[in-house]
Amino acid sequence: TDFNLLRSVAVQTGLALENSRLTATVAQEVAQRERLNREIEIAREVQEWLFPQQLPVVAGIDYCGACRPALGVGGDYYDFLKLPNGDLGVAIGDVSGKGIAAALLMASLQASLRSQALTGTADLAHLMSNVNMLVFDATPSNRYATFFYGQYEQQTRKFRYVNAGHNPPFILRRTDDGTVHVIRL
């Protein structure tokens, strides 16, 4: 009877120890998940600040932009740049993939565009070639981005653009009779 009692106590003690180890493992996984969720939240906040916070005022046009990533953070990109001559730069891009890796590449794309566009060049093909080279050099071979960039010239009211594989954006133009004319770029 003593032997059976000891065996029963040993089995119960073993189960209690195993439950304790499993509880500790689950607690570690929950803590790790909470850390990752917090890091994703921080990445989302940083990415939100990469999108335009205030739109440059440009006489004669109304424009807006918005982005809602599927996973909280991602590789979608848009930007409006006040150019040195007072014109407006408009950028739209999409980095392959989702999540933080795509968001980091999007930030690199934004930095590359801004560094090139703010030089004031009017040669959009050359500007895009430079952006492409900068992004290509900083990107793994399994990643890519589609991109659209245009410049609205206030004086002439012309919009010049280049498209690097992105879906064609639209311009919506209201006519005198109130109808909206859609122009695919």
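Only a predicted model underlies this, so the values are computations on that prediction, with no experimental measurement involved. (Residues numbered from 1 in each chain as written. Predicted model: local features only at pLDDT ≥ 70, side-chain atom pairs only at ≥ 80, totals over all residues. Heavy atoms only, no water.)

Q: Quick rundown of the overall build of the protein chain? Include the residues and the values.
A: Of the regular secondary structure elements, the protein chain holds three helices and six strands. Each helix (α) and strand (β) of the protein chain, taken in turn from the N terminus, gives the series α-β-β-α-α-β-β-β-β. Computed over the C-alpha atoms, the radius of gyration of the protein chain is 27 Å, more than 25% above the 16 Å expected from 2.2 N^0.38 for a compact globule of 185 residues. Of all 185 residues assigned to the protein chain, the portion counted as buried reaches 30%. In the protein chain, once contacts between residues fewer than 6 apart in sequence are set aside, the share between residues at least 24 apart is 56%. Accessible area for the protein chain stands at about 12,300 Å²; split by element, carbon and sulfur atoms hold 56% of it. (Helix = DSSP H or I, 4+ residues; strand = E, 2+ residues; numbered from the N terminus. Rg over C-alpha atoms; globule rule 2.2 N^0.38 Å. Buried < 20%, exposed > 50% of the residue type's maximum accessible area, 1.4 Å probe, protein only. Contact = heavy atoms within 4.5 Å. Areas by Shrake-Rupley, 256 points an atom, 1.4 Å probe, with all protein chains shown as cover.)

Q: Run through the side chain of Gln110, naming residues and quoting values.
A: By the secondary structure assignment, Gln110 is in helix H2 (residues 99-117). Given the relative accessible area of 8%, Gln110 is considered buried. Leaving out residues up to four positions away in the same chain, Gln110 has contacts with Leu50, Tyr77 and Asp79.

Q: Break down the environment of Arg68 for me, citing the residues and quoting the values.
A: Secondary-structure assignment places Arg68 in the loop between helix H1 (2-50) and strand E1 (74-82). Its relative accessible area of 80% is what places Arg68 among the exposed residues. Sequence separation between Arg68 and Glu48 is 20 residues; the distance between their C-alpha atoms is 9.7 Å.

Q: Got a sec to walk through the state of the cysteines? Specific residues and values, please.
A: Evaluated as defined, the whole model comprises zero disulfides. You can see Cys64 has no disulfide; the closest cysteine sulfur is in Cys67, sitting 13 Å from it. For Cys64, a relative accessible area of 66% puts it in the exposed group. (Disulfide = S-S within 2.5 Å.)

Q: Tell me about the pattern of salt bridges, and please be specific about residues and values.
A: Under the counting rule described, the total for this entry stands at three salt bridges. Ionic pairing is found between Glu18 and Arg21, a salt bridge with its closest N-O pair at 3.2 Å. Taken together, the residues Glu18 and Arg21, both in helix H1 and three residues apart, mark about one turn of the helix. Of the residues examined, Arg21 reaches a relative accessible area of 52% and is grouped as exposed. Between Asp79 and Arg114 there is a salt bridge; the shortest N-O distance is 2.8 Å. Linking Asp79 in strand E1 with Arg114 in helix H2, this pair joins segments that are 35 residues apart in sequence. (Salt bridge = Lys/Arg side-chain N within 4 Å of Asp/Glu carboxyl O.)

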